[in-house]
Amino acid sequence: MANEKILVTQSSMPPYEEYIEAIKPLWESHWLTNMGTYHKELEEELKQYLGVPELSLMVNGHMALEMAIQAFDFPEDSEVITTPFTFVSTTHAIVRNRLKPVFCDVKMSDGTIDETKIEDLITEKTVAIVPVHVYGNVCNVEAIQEIADKYNLKVIYDAAHAFGVKYKGVGIGNYGDASVFSFHATKVFNTIEGGAVAFSDHKIYEKLYNLKNSGIRGEELVVAVGANAKMNEFAAIMGLCNLKYLNHAMEERKMKDAYYREKLRQIQGIQFFEDDLEIEKNHAYFPIIVSDDYSMTRDELYDRLKENNVFSRKYFYPLTSDQACFRNKYKKCELNNARWLSKHILVLPFYEKLEMENIDHIVGIMKD
Ligand SMILES: *Cc1c(COP(=O)(O)O)cnc(C)c1O
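Residues numbered from 1 in each chain as written. Predicted model: local features only at pLDDT ≥ 70, side-chain atom pairs only at ≥ 80, totals over all residues. Heavy atoms only, no water.

1. A short note on the sheet that holds strand β7 (residues 170-171)
So, step 1. One open sheet holds the three strands; their spatial order is β7-β6-β13, and the pairing between them is antiparallel. The open sheet terminates on both sides in strands that have one partner only, identified here as β7 and β13 (279-280).
So, step 2. Looking at chain direction, strand β6 (residues 166-167) and β7 are connected through two bridges and run antiparallel. By the bridge assignment for β7, K166 is matched with G171. (Pairing = 2+ DSSP bridges. Helix = DSSP H or I, 4+ residues; strand = E, 2+ residues; numbered from the N terminus.)

Set out below in structure tokens:
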């Protein structure tokens, strides 16, 4: 046991024979990409699963986010209020659209953007809010929508962690003007690499289609300046196969999450984000807060686990606003909560097939 490496996550995969069987038709059709049969099928199935009116598949979550922002045609150098407590892709997507991120602090209770601090950051240049449902914790979608309505701003959610999450019984992809999901290998639902934008305005579908398909609208007709961000058929088939096992995977995760929590509750100084009973979770990650009451710092715990072949991750440290490419370049409010969290957060190994003994082993190290 002690010699076995336990990584922070393990990609979900369908049974080998099932995937092989599912990709066989591609050897007859030779249709490997360009919005083929399986691309269409997955788009339909995901609309159903997520309970959203419109969805556009993409090659990965980053391009989905970049294009979701681009689809709204914001003027260059406009400001976008966002969170620094996220994967760097969120900030990259804003900056690569020639927009300026304005960093807002987050809440200690769940790590999502602090909606009470958004209004102070709004200027005449503000065009949008890009909040993140970090670890699948749901932002205050109602308060954010109120602010957006009051100041006529768009809301584009980075929902990369929130696949399958529901808030008040409604699929998370229904909030804001668009929500972006990632189907990267490490996410709760994967297509190897992949992503999608969910939205309700059909005009956005046309925009995204042009953006992801080189603006091509006919053999001799290009109507927009696009990129190439289409999902291929092998990826779509992986998604269709994985989707069949998703409910089972979620049940496994739920059980393991409860087991982990029960064991860790006995350890002084290990804390969790607050539970919100109105959220139907996806248990995508297992973040803990290593408070000052614990016997060592977060970094010491990270090292101790690593010495024992347990590979946790400091998600999200450093804050994206502190990364070399963004540091001191953009406006921000005091980021006290985000800074504190990024120094105390640790994401422990967590995946569908994680063994109970592995959880016992990890908790054992943390107790010593
Ligand atoms: C994974 C992730 C992305 C990007 O998704 P990819 O599919 O890896 O490109 C964006 N935002 C957040 C918060 C993520 O965790």
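Having seen the structure, we can now continue with the description.
2. Observations regarding the packing of aromatic side chains
So, step 1. Across all of its chains, the model carries 21 aromatic pairs by this definition.
So, step 2. Ring centres of F199 and Y205 lie 6.5 Å apart, and the angle between their planes is 40°; this geometry places the pair in the tilted category. The pair F199 / Y205 is uniform in exposure class, with both members buried.
So, step 3. Relative to Y330, the ring of F326 has its centre 6.4 Å away and its plane inclined at 55°; by these criteria the two rings are tilted.
So, step 4. On the basis of relative accessibility, which here comes to 4%, the residue F326 falls in the buried class.
So, step 5. By relative accessible area, which is 19% here, Y330 ends up buried.
So, step 6. One residue, K187, lies across the ring of F87, its end atom 5.9 Å from the ring centre. (Phe/Tyr/Trp six-rings, centres within 6.5 Å; stacked < 30°, edge-to-face > 60°. Buried < 20%, exposed > 50% of the residue type's maximum accessible area, 1.4 Å probe, protein only. Lys NZ or Arg CZ within 6 Å of the ring centre and 35° of its normal.)

3. Comments concerning unusual backbone geometry
So, step 1. Here the bond from Y315 into F316 is cis, since omega is 10°, no more than 30 degrees from zero.
So, step 2. With respect to the secondary-structure elements, F316 resides in the loop between α9 (298-307) and α10 (336-344).
So, step 3. In the segment running from Y317 into P318, the intervening peptide bond is cis, with an omega of -10°.
So, step 4. Note on placement: P318 falls in the loop between α9 and α10.
So, step 5. With a phi angle near 55°, N152 is a residue other than glycine that sits in the positive phi range.
So, step 6. Among the secondary structure elements, N152 is positioned in the loop between α6 (141-151) and β5 (154-158).
So, step 7. Of the residues examined, N152 reaches a relative accessible area of 70% and is grouped as exposed.
So, step 8. The residue N328 is not glycine, and still its phi comes out positive at about 60°.
So, step 9. Take N328: it is sitting in the loop between α9 and α10.

4. Some words on the pairing of strand β8 (residues 178-182)
So, step 1. Across the five residues that make up β8, a large majority, five, are buried.
So, step 2. Burial along β8 is two-sided: the face carrying A178, V180 and S182 and the face carrying S179 and F181 are both buried.
So, step 3. By the bridge criterion, three bridges tie β5 to β8 in an arrangement that is parallel. Residue pairing in the sheet places Y157 in a bridge with S179 of β8.
So, step 4. Bridging between β8 and strand β9 (residues 195-199) involves five bridges; their strand directions are antiparallel. Residue pairing across strands places F181 opposite A196, the latter belonging to β9.

5. Describing the pairing of strand β4 (residues 126-130)
For a regular strand, side-chain orientation follows a simple rule: the groups alternate between the two sheet faces.
So, step 1. β4 sits mainly inside the fold: five of its five residues count as buried.
So, step 2. In this structure, strand β2 (residues 79-82) lies alongside β4, joined through four bridges in parallel fashion. What sits directly across from E79, in β4, is T126.
So, step 3. Of the pairings in the sheet, the one linking β4 to β5 comprises two bridges and is parallel in character. The partner of I129 across the bridge, within β5, is V155.
So, step 4. Considered for its hand, the β-α-β crossover made up of β4, α6 and β5 is right-handed. (Right-handed = clockwise from strand over helix to strand, strands pointing away.)

6. So, the pattern of salt bridges
So, step 1. Summed over the entire model, instances satisfying the criterion amount to 23 salt bridges.
So, step 2. A salt bridge links K117 to D105, with the shortest nitrogen-to-oxygen separation between them at 3.5 Å. Residue K117 is found in the loop between β3 (100-103) and β4, and its partner D105 is found in the loop between β3 and β4; the two are separated by 12 residues along the sequence.
So, step 3. Assessed through its relative accessible area of 1%, D105 is described here as buried.
So, step 4. A salt bridge links D275 to K281, with the nearest nitrogen and oxygen atoms 2.8 Å apart.
So, step 5. Look at the salt bridges and you will find they share partners, linking D105, D114 and K117 into a network. (Salt bridge = Lys/Arg side-chain N within 4 Å of Asp/Glu carboxyl O.)

7. Some thoughts on the site of the ligand
So, step 1. Taken together, 14 residues sit near the ligand, with G61, D158, H161, S182 and K187 positioned nearest.
So, step 2. The side chain of S182 places a nitrogen or oxygen atom 2.7 Å from an oxygen atom of the ligand.
So, step 3. Looking at side-chain class alone, the shell around the ligand contains two nonpolar, 10 polar and two charged residues. (Near = heavy atom within 4 Å. Polar contact = N/O pair within 3.5 Å; in protein donor to acceptor, adjacent residues only side chain to side chain. Nonpolar A, V, L, I, M, F, W, Y, C, P; charged D, E, K, R; others polar.)

8. Let's talk about the side chain of R261
So, step 1. On the secondary structure map, R261 appears in helix α8 (residues 233-264).
So, step 2. Among the residues examined, R261 registers a relative accessible area of 14% and is labelled buried.
So, step 3. At a separation of 2.7 Å, a polar atom in the side chain of R261 contacts the side chain of D257.
So, step 4. In this structure, R261 is in contact with F272, D275, K281 and F286, ignoring residues within four places of it in sequence. (Contact = heavy atoms within 4.5 Å.)

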